[in-house]
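Commentary on secondary and tertiary structure
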Amino acid sequence: MEIKRYITFRNKENNLPMLKEKEKIQWNSDFSSYDKIVDFFNQVFKMEYLEEEYVYVMSFNCQMIPQGVFELSHGTADTSIIKMRELAIFLLLSGANKFIVTHNHPNGSKDASVNDINITRKIQEMANFIEVDFLQHFTIGNDGYDTCIDNGEDDDIFKENDEDDEDYMPFN
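Let me sum up the structure you'll find in this document. (Residues numbered from 1 in each chain as written. Predicted model: local features only at pLDDT ≥ 70, side-chain atom pairs only at ≥ 80, totals over all residues. Heavy atoms only, no water.)

1. Some details on the overall build of the chain
Selection rule: Secondary structure follows DSSP: runs of H or I at least 4 residues long count as helices, runs of E at least 2 residues long count as strands, and numbering of each begins at the N terminus. The cut-offs for exposure are 20% and 50% of the maximum accessible area for each residue type, with area from a 1.4 Å probe on protein chains only; residues under the lower value are buried, those over the upper are exposed, and the others partly exposed. Should any heavy atoms of two residues lie within 4.5 Å, those residues are counted as being in contact. Note on areas: these come from Shrake-Rupley sampling with a 1.4 Å probe, and a residue is covered only by the protein chains present in the view.
Along the chain, the regular secondary structure elements total three helices and seven strands. Listed by position from the N terminus, the elements making up the chain come as β-β-α-β-β-α-β-α-β-β. Counting only residues that meet the buried cut, the chain has 45% of its 172 residues in that class. A separation threshold of at least 6 residues defines the contact pool for the chain, and within that pool the share at least 24 residues apart is 61%. In the structure as shown, the chain presents an accessible area of about 9500 Å², 44% of it carried by carbon and sulfur atoms.

Below is the structure:
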């Protein structure tokens, strides 16, 4: 499968934001589980070993086919700023029906912080407003990954055939 990596730029004729393809990434798997999504980011962007914090967004169509991947932010050793405006622009221009956000922890810990949970709530509010499904926010460290969206009672949307599988991605 080919996944396009985008950057945003302004059209010189009308000064409106547009997506520009930066590169095409070849990937030989699907995105049907959390493990497969995190594996993509670790293999392609080396997320688990980066010394600065990076935030990426992947948009999907309604059939969970990637529409594109976008570097939302590049920060420092312990901080990266996420702006809802830039996230919304990418999601809308890429034609997203669903999306995930992922970022690394340069300290090596996968554990989601209080700040990670707070920004996840803000992303969810923005996603609800523009009517794009926010599936998950991953934090990646060298010890694995964590998720910032606690599915709680909604866990059954991640179950297939009544299995208790946190790695199952919804296809609805």
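Now that the structure has been shown, the text picks up again.
2. Observations concerning the pairing of strand 7 (residues 144-147)
Heads up, the condition is: Strands qualify as paired when DSSP identifies two bridges or more between them.
Across four bridges, strand 6 (residues 133-141) lies against strand 7 in antiparallel orientation. Looking across to strand 7, one finds that Phe138 is bridged to Thr147. With antiparallel pairing between neighbouring strands as the criterion, strand 6 and strand 7 make up a hairpin whose turn holds two residues.

3. A word on the packing of helix 2 (residues 84-94) against helix 3 (residues 114-130)
For the record, the criterion: As a rule, the C-alpha atoms of each element are fitted with a line to give its axis, helices using only the stretch in contact, and angles between N-to-C directions run from 0 to 180 degrees. Convention used here: angles under 35 degrees read as roughly parallel, angles over 145 as roughly antiparallel, angles from 65 to 115 as roughly perpendicular, and any remaining angle as oblique. In this scheme the crossing of two helices becomes right-handed for a clockwise turn of the near helix relative to the far one and left-handed for an anticlockwise turn of less than a right angle. The nonpolar class holds Ala, Val, Leu, Ile, Met, Phe, Trp, Tyr, Cys and Pro. Asp, Glu, Lys and Arg form the charged class, and all remaining residues, Gly among them, are polar.
Interhelical geometry of helix 2 versus helix 3 gives an angle of 45° and a closest axis separation of 11 Å. When the interaxial angle is binned, helix 2 and helix 3 end up oblique. For the pair helix 2 and helix 3, the crossing hand works out as right-handed. Where helix 2 approaches helix 3, its residues Met84, Leu87, Ala88, Leu91 and Leu92 are matched on the opposing element by Ile119, Lys122, Ile123, Met126 and Ile130. Among the residues forming the contact of helix 2 with helix 3, the class breakdown is nine nonpolar, no polar and one charged.

4. Here we look at the sheet that holds strand 6
The strand order across the open sheet formed by seven strands is 2-1-4-3-5-6-7, and the pairing between neighbours is mixed. Each having just a single partner strand, strand 2 (17-26) and strand 7 make up the two edges of the open sheet. Within this sheet the neighbouring strands show an average axis-to-axis angle of 30°, counted without direction. Relative to strand 5 (residues 98-104), strand 3 (residues 54-60) is paired through six bridges, and the arrangement is antiparallel.

5. Description of unusual backbone geometry
Not every positive phi belongs to a glycine, and Lys46 is a case in point at roughly 55°. Mapped onto the elements, Lys46 comes out in the loop between helix 1 (34-45) and strand 3. The partly exposed category is assigned to Lys46, whose relative accessible area is 46%. A positive phi is found at Met64, a non-glycine position, where the angle reads about 65°.

6. Some remarks on helix 2
Within helix 2, the full set of buried residues consists of Leu87, Ala88, Ile89, Phe90, Leu91 and Ser94. Backbone geometry just after helix 2 places Gly95 at a positive phi near 75°.

These results come straight from atomic positions and should not be treated as a statement about function.
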